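Residue-level structural notes
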Amino acid sequence: GAVVSQHPSRVICKSGTSVKIECRSLDFQATTMFWYRQFPKQSLMLMATSNEGSKATYEQGVEKDKFLINHASLTLSTLTVTSAHPEDSSFYICSAQAAGLSANYGYTFGSGTRLTVV
Amino acid sequence: ILNVEQSPQSLHVQEGDSTNFTCSFPSSNFYALHWYRWETAKSPEALFVMTLNGDEKKKGRISATLNTKEGYSYLYIKGSQPEDSATYLCAFTGNYGQNFVFGPGTRLSVLP
């Protein structure tokens, strides 16, 4: 079945530094990838939609200059948290939609990244 | 803002018990309702994608029903096993498959 690999699974960084999270579709091409964030005891919240070869679409309230998304190929999307602060500490997870399939087929998720900013 | 709710937030059942939980979602502009099973430290695993009112889907001991008119879906687990312990997420997509809106999940613990 479709597999999405997300790295790293855990990262601790110092305040003010940047962290890059990778999301790769291993056995399918993903024209669209989604990035979510989950704070404790809350729902997964969509941050942005990443389309291969074009600019990402950010949800309201998500700073595009802070959360840089790059989707340069059909199998890789990256999320960079720039100048991270402790309030950015959260669980980040990506999902991918296979090229040519509608949303009815669902999306394949990565396993998530636990970011802690100290 | 679309609101997707799940209840209960968590529950504990004994091995062998059957259980069910609820996902509530907006009844207007419905496109699809997704159920995912999410074990700790793993990727959420797709269980069902439901699109038609009255849909009923089954996968082994797990089944789900859908009522789009009143905006709810039930997930049933028959004869719960410890390996069923996970968080069960539902996600709503509106017309034309706009992006998922997730519920907060129901955390199930099955005690041996």
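Remember, it's a predicted structure, so these values are computed and weren't measured experimentally. (Residues numbered from 1 in each chain as written. Chains lettered and ligands numbered in written order. Predicted model: local features only at pLDDT ≥ 70, side-chain atom pairs only at ≥ 80, totals over all residues. Heavy atoms only, no water.)

**Focus on the overall build of chain A**
Our working rule: Helix and strand definitions here come from DSSP, where helices need a minimum of 4 consecutive H or I residues and strands a minimum of 2 consecutive E residues; each element is numbered from the N-terminal end. Values of the radius of gyration come from C-alpha atoms, whereas the globule rule sets the reference at 2.2 Å times the count of residues to the power 0.38. Between two residues, a contact is recorded if the distance between any of their heavy atoms is within 4.5 Å.
Broken down by element type, chain A carries zero helices and eleven strands. Going residue by residue from the N terminus, the α and β elements of chain A occur as β-β-β-β-β-β-β-β-β-β-β. Taking 118 residues into account, the globule formula puts the C-alpha radius of gyration at 13 Å, and chain A, at 13 Å, falls close to it. Along the three orthogonal principal directions, the C-alpha set of chain A runs to about 40 × 25 × 20 Å. Counted over contacts in chain A with a minimum sequence separation of 6, partners at least 24 positions apart contribute 54%.

**Considering the overall build of chain B**
Counted only if it meets this: Throughout, exposure labels follow a simple rule: accessible area from a 1.4 Å probe, protein chains only, divided by the maximum for the residue type, with under 20% read as buried, over 50% as exposed, and the rest as partly exposed.
Scanning chain B from N- to C-terminus turns up zero helices and eleven strands. Start at the N end of chain B and walk to the C end: the helices and strands fall as β-β-β-β-β-β-β-β-β-β-β. What you see for chain B is a C-alpha radius of gyration of 13 Å, in line with the 13 Å of a compact globule of 112 residues. Oriented by its inertia axes, the alpha-carbon framework of chain B measures out at about 40 × 30 × 20 Å. In chain B, which comprises 112 residues, the share counted as buried stands at 49%.

**Some remarks on the environment of Lys66(A)**
Residue and element names in this part refer to chain A. As for its position among the elements, Lys66 is in the loop between strand S6 (57-58) and strand S7 (67-73). On the basis of relative accessibility, which here comes to 12%, the residue Lys66 falls in the buried class. For the pair Lys66 and Ala84, spaced 18 residues apart in sequence, the C-alpha separation works out to 8.2 Å. If we skip the residues at most four places from it in the chain, Lys66 touches Thr80, Val81, Thr82, Ser83, Ala84, His85 and Asp88.

**Quick notes on the interface of chain A and chain B**
We apply this condition: Two parts lose some accessible area (1.4 Å probe) when they are put together, and adding that loss for both gives the buried area. We define a salt bridge as a contact between a side-chain nitrogen of Lys or Arg and a carboxyl oxygen of Asp or Glu at a distance within 4 Å. In this classification, the charged set is Asp, Glu, Lys and Arg, the nonpolar set is Ala, Val, Leu, Ile, Met, Phe, Trp, Tyr, Cys and Pro, and all remaining amino acids, among them Gly, are polar.
The interface of chain A with chain B comprises 19 residues on the first partner and 18 residues on the second. Summed over both partners, the interface of chain A with chain B buries about 1500 Å², with 59% contributed by carbon and sulfur atoms. Taken together, chain A and chain B are joined by zero salt bridges. Within the residue set of the side of chain A that touches chain B, elements represented by two or more residues are strand S4 (30-38), strand S5 (45-51) and strand S9 (90-98) of chain A. The element best represented in the side of chain A that touches chain B is S4(A), accounting for three residues. Across the side of chain A that touches chain B, the residue classes break down as ten nonpolar, eight polar and one charged.

**Comments concerning the nonpolar core**
Convention followed: Nonpolar core, defined: a set of buried Ala, Val, Leu, Ile, Met, Phe, Trp, Tyr and Cys residues in which side-chain atoms within 4.5 Å join the residues together.
If you look at the biggest cluster of nonpolar residues, it comprises 25 residues, and the most contacted ones within it are Trp35(A), Phe67(A), Leu79(A), Tyr92(A) and Leu115(A). Within the residue set of this core, elements represented by two or more residues are strand S2 (10-13), strand S3 (19-25), S4, S5, S7, strand S8 (76-81), S9 and strand S11 (113-117) of chain A. Once you skip the residues sitting within four places of it in the chain, Phe67(A) turns out to touch Arg37(A), Met47(A), Tyr58(A), Val62(A), Leu79(A), Thr80(A), Val81(A), Asp88(A) and Tyr92(A). Trp35(B), Ile62(B), Ile77(B) and Cys90(B) belong to the second-largest nonpolar core, a separate cluster that totals 23 residues.

**Let's talk about unusual backbone geometry**
Each neighbour pair has its own omega, and for His7(A) with Pro8(A) the value is -5 degrees, a cis peptide bond. Summarising the element assignment, Pro8(A) is placed in the loop between strand S1 (4-7) and S2. With an omega of -5 degrees, the peptide bond running from Ser7(B) to Pro8(B) counts as cis. Locating Pro8(B) in the fold gives a position in the loop between strand S1 (5-7) and strand S2 (10-14). Positive phi outside glycine occurs at Asn29(B), with the angle close to 55 degrees. Take Asn29(B): it is sitting in the loop between strand S3 (19-24) and strand S4 (30-38).

**Considerations on the pattern of salt bridges**
Per the stated rule, a full pass over the model turns up seven salt bridges over all chains. One salt bridge in this structure joins Glu22(A) and Arg24(A), with 3.6 Å as the shortest N-O distance. Overall, Glu22(A) belongs to the partly exposed group, its relative accessible area being 28%. Arg24(A) sits in the partly exposed class, given a relative accessible area of 34%. Here Glu39(B) ties to Lys42(B) by a salt bridge, and the two come within 3.8 Å at their closest N and O atoms. When salt bridges with common partners are traced through the structure, they connect Arg37(B), Glu39(B), Lys42(B), Glu45(B) and Lys59(B) into a single cluster.

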